[in-house]
Amino acid sequence: MIDARLITLRVFARCGTIGATAELTGYSPSAVSAQLRELQRVLGMQLLAKDGRGVRLTATGRFLVAGSDPLIAQWESLRAAAMEAGDQVQAHFGLGGFSSAAAHLLAPLAATLRSTHPSLEVQVLEAEPARCFDLLIAERIDLAVIVAMQSDSYGEDDPRFEQRVLLDDPLDVIIPGDHPLASRETATLEELASEPWITEAAGSTYHSLFTAAFTAVGMTPRIAHEAVEWETHIAFVGAGLGVGLLPRLAPLHGAENVVRLRITGRAKPTRRIVAAVRRGSIASPLIQESLRILQVNANRILTARLEEDL
């Protein structure tokens, strides 16, 4: 079993402050400080040093954190194998994911797991991808569903995690019901490039997808409005303010004056949705069962969206 104080140290290495570590782990700031002091005492190493009004990792602390990655992975692998050998299920299972994944994939998964494993305590946390990775490090969750992203903090080759592709979620275009193309089932980005567009602010995953799609067809769209939530995108389109992209996983919920069209042509933007777990834990029976359920539900939802909205 991995010492909980080492996990706290790893979270601190990621967060950089006692307060942020406390928020992420669920401990109080005083408990975090006490754990780190005790770890230093037990190991006989100076892991932290004063840094202004806070503390920072020493070179020894950084070396210990980096060197613990294989240890954590080996423990996760051993625990998964032991669970499988004994046909056992862990007592608590944490799930995390972005909003539409939490609503349409993780909530049904949690319900299914509670039904098939009555003694299992399942917790679902809605969180953005970067926070999901932090929650995995803190062992607050065991499986995260995220939109694949490239970042300096977490990449596909990060030794702390394993990722499995769940689905490639196509982005459709949504237009007002009185738009000249509203009677069609498909449209190209070239046909809509001159329209006023609704998207997220620069720097977001979806803005990057949006920009890449138009770059692929050699056009620059006119961004008229910015919105974060899909419900807001849909409301803006329904009000006739412009057009936007909507992942097929996200429902229209019977929105008035909004039509959904598949995108055809040279650019067919998609967002890749993946499941991420701590390295070594992928063989866990509960994680394997969850991955199968997620895959089935994702395929079912995408098929249903075609019948409902297109």
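Residues numbered from 1 in each chain as written. Predicted model: local features only at pLDDT ≥ 70, side-chain atom pairs only at ≥ 80, totals over all residues. Heavy atoms only, no water.

Participant: How should I be thinking about the overall build of the protein chain in this particular structure?
Facilitator: Helix and strand counts for the protein chain stand at eleven helices and twelve strands. On the principal axes, the C-alpha backbone points of the protein chain span a range of 75 × 50 × 30 Å. Across the protein chain, every contact between residues at least 6 apart in sequence was considered, and the portion connecting residues at least 24 apart equals 72%. A total accessible area of about 14,800 Å² is found for the protein chain, and carbon and sulfur atoms account for 52% of it. (Helix = DSSP H or I, 4+ residues; strand = E, 2+ residues; numbered from the N terminus. Contact = heavy atoms within 4.5 Å. Areas by Shrake-Rupley, 256 points an atom, 1.4 Å probe, with all protein chains shown as cover.)

Participant: Teacher, can you tell me more about the packing of aromatic side chains here?
Facilitator: Given two aromatic rings, one states the distance between the centres and the angle between the planes to describe the pair. The full count for this structure, using the stated rule, is five aromatic pairs. Ring geometry for Phe133 versus Phe161: centroids 4.8 Å apart, planes at 55°, classification tilted. With Phe133 in helix H7 (residues 129-137) and Phe161 in strand E6 (residues 161-176), this pair connects stretches of sequence that are 28 residues apart. Classification of Phe133 as buried rests on a relative accessible area of 2%. When its relative accessible area of 2% is taken as the criterion, Phe161 is described as buried. Both rings, one in Tyr206 and one in Trp230, keep their centres 5.0 Å apart while their planes meet at 75°; by these two values the pair is edge-to-face. Taken together, the residues Tyr206 in helix H9 (residues 205-216) and Trp230 in helix H10 (residues 230-238) connect sequence positions 24 residues apart. You can call Tyr206 buried: its relative accessible area is 15%. According to the relative accessible area criterion, Trp230 is buried, its value standing at 10%. (Phe/Tyr/Trp six-rings, centres within 6.5 Å; stacked < 30°, edge-to-face > 60°. Buried < 20%, exposed > 50% of the residue type's maximum accessible area, 1.4 Å probe, protein only.)

Participant: For this particular structure, what's the right way to read the packing of helix H1 (residues 4-15) against helix H2 (residues 18-25)?
Facilitator: The packing of two helices is summarised by the inter-axis angle and the distance between the axes. It is the contact of H1 with H2, at a shortest axis distance of 9 Å, that shows an interaxial angle of 125°. Taken together, the axes of H1 and H2 lie oblique to each other. The chirality of how H1 crosses H2 is right-handed. Facing Thr8, Val11, Phe12 and Cys15 of H1, the residues of H2 in contact are Ile18, Ala20, Thr21, Leu24 and Thr25. Partitioned by chemical class, the residues of the contact of H1 with H2 number six nonpolar, three polar and no charged. (Axes fitted to C-alpha atoms, helices over the stretch in contact; angles between N-to-C directions. Parallel < 35°, antiparallel > 145°, perpendicular 65-115°, else oblique. Left-handed = near helix turned anticlockwise from the far one by under 90°. Nonpolar A, V, L, I, M, F, W, Y, C, P; charged D, E, K, R; others polar.)

Participant: Quick question: what am I supposed to make of the environment of Gly19 here?
Facilitator: In this fold, Gly19 is placed in helix H2. On the basis of relative accessible area, Gly19 is assigned to the partly exposed category, the value being 43%. For the pair Gly19 and Leu189, spaced 170 residues apart in the sequence, the C-alpha separation amounts to 46 Å.

Participant: Even after reading the chapter, I still don't get H2, so can you show me in this structure?
Facilitator: The periodicity of an α-helix, 3.6 residues per turn, causes residues three or four places apart in sequence to face the same way. Buried within H2 are the following residues: Ile18, Thr21, Ala22, Leu24 and Thr25. Where the residues of H2 are buried, they touch H1, helix H3 (29-43), strand E2 (54-57) and H7. With its phi angle positive at about 90°, Gly26 sits one or two positions after the end of H2.

Participant: Quick question: what am I supposed to make of H9 here?
Facilitator: For H9, with twelve residues, the first-to-last C-alpha span of 17 Å sits near the 16 Å given by 1.5 Å per residue. Gly218 sits one or two residues past H9 and shows a positive phi near 70°. (Expected span 1.5 Å × (residues − 1).)

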